Amino acid sequence: MKITRTMEISVGFFVSLGLAALLMLALKVANLTSFGTTDGYRILARFDNIGGLQERSAVKMGGVLVGRVTRIDYDSDSYRAVVEMKIDPRFREIPVDTAASIYTAGLLGEQYVNLDPGGDEEVLAEGSELEITQSAIIMERMLQEFLYSKTAKDENS
Amino acid sequence: MIEFFAWVGRRSLAFFERLGRGTLFLVQVCARLGFLLTRPSLTLAQVWAVGVQSLVIIGVSGAFVGMVLGLQGYNTLVTFGTEESLGVVVAKSLCRELGPVLTALLFAGRAGSALTAEIGLMKATEQIPALEMMGVDPLRRLIVPRYVAGLISMPLLAMIFTAIGVLGGYFCGVGLLGVDEGAFWSQMQLHMALGTDIGNGVVVKSIVFGAVVTWIALFEGFDAIPTSEGVSQATTRTVVNSSLAVLSLDFVLTGLMFD
Amino acid sequence: MPAQPHTLSAHDPLVTLEDVSFARGARVIFDGVNIEIPRGRITAILGPSGGGKTTLLRLIGGQLAPASGKVNVFGHDVQALNTAELFAMRRRIGMLFQSGALLTDLDVFENVAFPLREHTNLPESMIRTIVLMKLEVVGLRNARNLYPRELSGGMARRVALARAIALDPLMVLYDEPFAGQDPISMGILVRLIKKLNEALNLTSVIVSHDVTETASIADQMYLIAEGKVVESGPPAAMKSSSTPAVAQFMRGLPDGPMPFHFPGVDYLTDLVDGVSS
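Cut-offs used in this document
Residues numbered from 1 in each chain as written. Chains lettered and ligands numbered in written order. Predicted model: local features only at pLDDT ≥ 70, side-chain atom pairs only at ≥ 80, totals over all residues. Heavy atoms only, no water. Contact = heavy atoms within 4.5 Å. Buried area = accessible area lost by both parts, 1.4 Å probe. Salt bridge = Lys/Arg side-chain N within 4 Å of Asp/Glu carboxyl O. Polar contact = N/O pair within 3.5 Å; in protein donor to acceptor, adjacent residues only side chain to side chain. Helix = DSSP H or I, 4+ residues; strand = E, 2+ residues; numbered from the N terminus. Buried < 20%, exposed > 50% of the residue type's maximum accessible area, 1.4 Å probe, protein only. 1 Å grid on protein atoms, 1.4 Å probe; cavity = no way out; pocket = protein on both sides within 12 Å on 5 of 7 lines; lining within 4 Å. Points joined across faces, edges and corners; volume = space filled by probe spheres on them. Nonpolar A, V, L, I, M, F, W, Y, C, P; charged D, E, K, R; others polar. Pairing = 2+ DSSP bridges. Axes fitted to C-alpha atoms, helices over the stretch in contact; angles between N-to-C directions. Parallel < 35°, antiparallel > 145°, perpendicular 65-115°, else oblique. Left-handed = near helix turned anticlockwise from the far one by under 90°. pLDDT = per-residue confidence, 0-100. Phe/Tyr/Trp six-rings, centres within 6.5 Å; stacked < 30°, edge-to-face > 60°. Lys NZ or Arg CZ within 6 Å of the ring centre and 35° of its normal. Patch = residues over 30% accessible without salt bridge, like charges linked within 9 Å, V, L, I, M, F, W, Y side chains within 5 Å. Areas by Shrake-Rupley, 256 points an atom, 1.4 Å probe, with all protein chains shown as cover.

## Quick word on the interface of chain A and chain B
A common way to state how big an interface is: give the accessible area lost once the parts meet. At the interface, 27 residues of chain A touch 31 residues of chain B. Between chain A and chain B, the buried area comes to about 2,500 Å², and carbon and sulfur atoms account for 83% of it. Of all residues in chain A, A:F14, A:L25 and A:V29 give up the largest surface area on contact with chain B, accounting jointly for 26% of the area buried on that side. Inspection of the region where chain A meets chain B yields 0 salt bridges. Our enumeration of links across chain A and chain B arrives at 2 residue pairs in polar contact (both at pLDDT 80 or more). Contributing elements (two or more residues each) for the side of chain A that touches chain B: α1 (5-29) and β3 (64-75) of chain A. In terms of residue count, α1(A) provides more of the side of chain A that touches chain B than any other element does, 17 residues in total.

See the structure below:
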């Protein structure tokens, strides 16, 4: 086959189209820009119960995605779950007395870590631990408590 | 009863014989890959024939598959009131499965069958024996450039298919059905991982599929009985065998990649 | 490249087949064939269709291996050559395939230039000169921009001939060069083969079943039938031969030692069997 200029151009076009598609998948679909795996600083939080939280779950502050859960472990000394999060370096100024709680997005949605900023002057740094935490709300336990309080009330009256 | 076992035995022997010959063929092709460094222009022509020529069918199919996903996904999700997750449904199914698998099936039908027919006809019209008699190694001159072109083109086509598919889903979901644009993209970005979904899904799968489909197509062509009937049978075998190979390999790869 | 070995003098035959046997499955194609191809001559190998004449050329080119016996080309045992040496040997042999076997995705010019581009590093201007020279010899210099599908059968064969002599080979093998040709292109090819053999000091081997044309240019003829060389000699001697098989083939009689009927069950027996069963 004789190689014509048109062929060279179209092959070049084809290859760049393919690479552009990959770029689009990486940036627009997987959102490579917001969090690289190396960027950001790590913080820790201990919870009694993390519910359905997973690695790569979102970390939000005021509803804004600020980081992701990178590791989940169990500390057998304190009998609590240890959650390691990576926070985007753009959000440097988070006070140390910030509270972490595990919320559910919508009624059936995924669980994520929500950060409620405190008022301290000092800000979180690499490896800091959040002291104030609130565990995930477990549906069964809530139902149990509700039924228990209801029966207790009935007995009292 | 005895005949049945004899038949099973014969068929399995024939299968292993072909598999063995095919593997030997692949080894011989791989041993000659270095030849391309001296003649890169040969691959360029084949990327044109295998890749550029498949662009239209890949683009059109990708757009329609994405749009269908948008439509079906929306209809299902809207019953649960979670149509904001449409972006996730479209992107996940395209990147992990539909993108690489459908591209490979279309690639087998469009480029694979053309490769088999071309090589088979070259054999039938004595072009391959003529090359040998001219002291030119047909594996090097004909097969290696086509194999590498398949390896290059297939991942590129899969990426294009997936990207166009996502845009098709976006067009259908956001443009026609009124899903919130911000939710569509942000939900997608929240749940799509670069390494697993894009890297393993689109890139690794399509490279594996490209290697297998091109291998089957070239082997069937090179091994075809050099008559018009033999070439037509070989072309059919290429499409059937590579489709089966793609679907079964997809199961294995999915099992390995996504737990 | 295996150079002319010192053992091969100018008078020795260029190719010898010693007691060569070859079978395809259960079908014996050659059974102890001895052939010598003298240098600078045109040797014709005749035989009925399906008699394995193409197989003979493939044995010479090393594409097939004999079951027993020895094929010597340019003084080397073809079976003893490694792949590189075999490919180097083939570069000194031009072969004209029955269908021409031109590469269909290249035009006439590129087809003739193909062996030069594959095996030499000649500059483009030199390649052009050589290709035009070779095409001029076969009279198709002005058809150089056509594609094989635009050529008639005779023209395709002439282009293939130009390609076969592009690297100035020592020997050219012709596989059925006259089959399926109209009388004019047949005449052209006959004269071309003769002319080329003299002008380029070639050695030619023609495998054919066209007796008249082949006999008009051959120096030496072999008749192969049922896996054996039936007779050999110059054309005149072959024509006047009294051996029944030779006479049958040279004169084109339908029946004789080479039977008209495919061997098998007798006609009468076959008919009776059909009635009784």
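## Quick word on the pattern of salt bridges
Evaluation of the coordinates by the stated rule reveals 27 salt bridges over all chains. Ionic pairing is found between A:R42 and A:E126, a salt bridge with its closest N-O pair at 2.9 Å. With a gap of 84 residues between them, A:R42 in strand β1 (residues 41-47) and A:E126 in the loop between β6 (111-116) and β7 (128-130) connect regions that are remote in the sequence. Exposure remark for A:E126: the relative accessible area of 46% places this residue in the partly exposed category. In this structure, B:E17 and B:R21 form a salt bridge, with 2.6 Å as the shortest nitrogen-oxygen distance. Of this pair, B:E17 and B:R21 both sit in helix α1 (residues 2-31), 4 residues apart, which is roughly one turn of that helix. Owing to a relative accessible area of 35%, B:R21 belongs among the partly exposed residues under this scheme.

## Some remarks on the environment of A:L44
Residues and elements named next belong to chain A. As for its placement among the helices and strands, L44 is situated in strand β1. Overall, L44 belongs to the partly exposed group, its relative accessible area being 21%. Excluding anything up to four places from it in sequence, L44 contacts V82, V83, E84, M85, S128, E129 and L130.

## Here we look at empty space enclosed by the protein
Scanning the model with the defined rule gives 1 cavity of 30 Å³ or more in all. What the largest cavity holds in volume is close to 150 Å³. Of all elements in the fold, only α5 (127-133) of chain B together with β6 (93-96) and α5 (153-164) of chain C reach the threshold of two or more residues within the lining of the largest cavity. Counting residues per element, the lining of the largest cavity draws most heavily on β6(C), at 3 residues. Taken together, the residues of the lining of the largest cavity break down into 11 nonpolar, 1 polar and 3 charged.

## A word on the sheet that holds strand β8 (residues 132-134) of chain A
Think of a sheet as strands paired side by side through backbone hydrogen bonds, with each pair either parallel or antiparallel. All names here are of chain A. The strand order β7-β1-β4-β3-β2-β6-β5-β8 describes an open sheet built from 8 strands, whose pairing is mixed. Lying at the two open borders of the sheet, with one neighbouring strand each, are β7 and β8. Across this sheet, the average inter-strand angle for adjacent strands is 30°, counted without regard to direction. Here strand β2 (residues 58-61) pairs with β6 via 3 bridges, running parallel. Paired with M61 across the two strands is L115, which belongs to β6.

## A look at the packing of helix α4 (residues 86-124) of chain B against helix α8 (residues 194-222) of chain B
All names here are of chain B. Here α4 crosses α8 at 20°, and the two axes come no closer than 8 Å. Overall, the two elements α4 and α8 adopt an arrangement that is roughly parallel. Relative to α8, the crossing made by α4 is right-handed.

## Brief notes about the sheet that holds strand β1 (residues 15-24) of chain C
All names here are of chain C. The strand order across the open sheet formed by 4 strands is β2-β1-β4-β5, and the pairing between neighbours is antiparallel. The sheet is open, and its two edges are formed by β2 (27-37) and β5 (76-77), each paired on a single side. Two elements, β1 and strand β4 (residues 68-73), share 5 bridges in a ladder whose sense is antiparallel. When the bridges of β4 are listed, L17 appears paired with V71.

## Here's the deal with helix α7 (residues 181-191) of chain B
Restricting attention to buried positions, one finds in α7(B) the residues B:A183, B:F184, B:W185, B:M188 and B:Q189. Residues of α7(B) that are buried make contact with α1 and β3 of chain A together with α4 and α6 (138-176) of chain B. With a side-chain oxygen lying 3.0 Å from the backbone nitrogen of B:A183, the N-terminal cap of α7(B) falls on B:D180.

## Observations concerning the environment of A:G52
Mapped onto the elements of the fold, A:G52 is located in the loop between β1 and β2. Once the C-alpha coordinates of A:G52 and A:K150 are considered, the two residues, 98 residues apart in sequence, prove to be 28 Å apart.

## A look at the confidence of the model for chain C
Residues and elements named next belong to chain C. Mean pLDDT over chain C works out to 83, with 91% of the residues at or above the 70 mark. In the predicted structure, residues 1-6 sits below a pLDDT of 50 and forms 15 contacts with residues beyond four places in sequence or in another chain. The ipTM, which scores confidence in the relative placement of chains, is 0.82 for this predicted complex, and the corresponding pTM is 0.78.

## With respect to the packing of aromatic side chains
If you walk through the whole model with that rule in mind, you get 9 aromatic pairs over all chains. Directly above the ring of B:W185 sits A:K28, whose terminal nitrogen or CZ lies 4.6 Å from the centroid.

## With respect to the pairing of strand β7 (residues 171-175) of chain C
All names here are of chain C. By the criterion of burial, β7 is predominantly enclosed, with 5 of the 5 residues buried. A two-sided burial pattern is seen for β7, the buried positions comprising M171, L173 and D175 on one face and V172 and Y174 on the other. Here β6 pairs with β7 via 4 bridges, running parallel. Bridging across to β7, L96 finds its partner in Y174. As paired strands, β7 and strand β8 (residues 203-208) are joined by 5 bridges and run parallel to one another. Across the sheet, residue D175 finds its bridge partner in β8, namely V207.

## Some thoughts on the side chain of B:T235
Residue and element names in this part refer to chain B. Tracing the chain through its elements places T235 in helix α9 (residues 228-257). Judged by its relative accessible area of 17%, T235 falls in the buried class. In this view, T235 contacts S113, T116 and A117; residues no more than four positions away in its chain are not counted.

## Things to note about the pairing of strand β3 (residues 42-46) of chain C
All names here are of chain C. Of all 5 residues in β3, 5 are buried, a share of seventy percent or more. Strand direction decides the pairing type here: β3 and β8, joined by 5 bridges, are parallel. By the bridge assignment, T43 is partnered in β8 with V205. The pairing of β3 with strand β9 (residues 220-225) spans 4 bridges and is parallel. In the sheet register, T43 faces β9, and the bridge partner there is Q220.

## Considering a nonpolar patch on the surface
On the surface, a nonpolar cluster with roughly 570 Å² of combined accessible area is contributed by B:M1, B:F4, B:F5, B:W7 and B:V8. Summarising the element assignment, B:V8 is placed in helix α1.

## Topic: helix α2 (residues 40-50) of chain B
Side chains that are three or four residues apart share a direction in an α-helix, a result of its 3.6 residues per turn. Here α2(B) has its buried residues at B:L42, B:T43, B:A45, B:Q46, B:V47 and B:V50. Check the buried side of α2(B) and you find it contacts α1 of chain A together with α4 and α6 of chain B.

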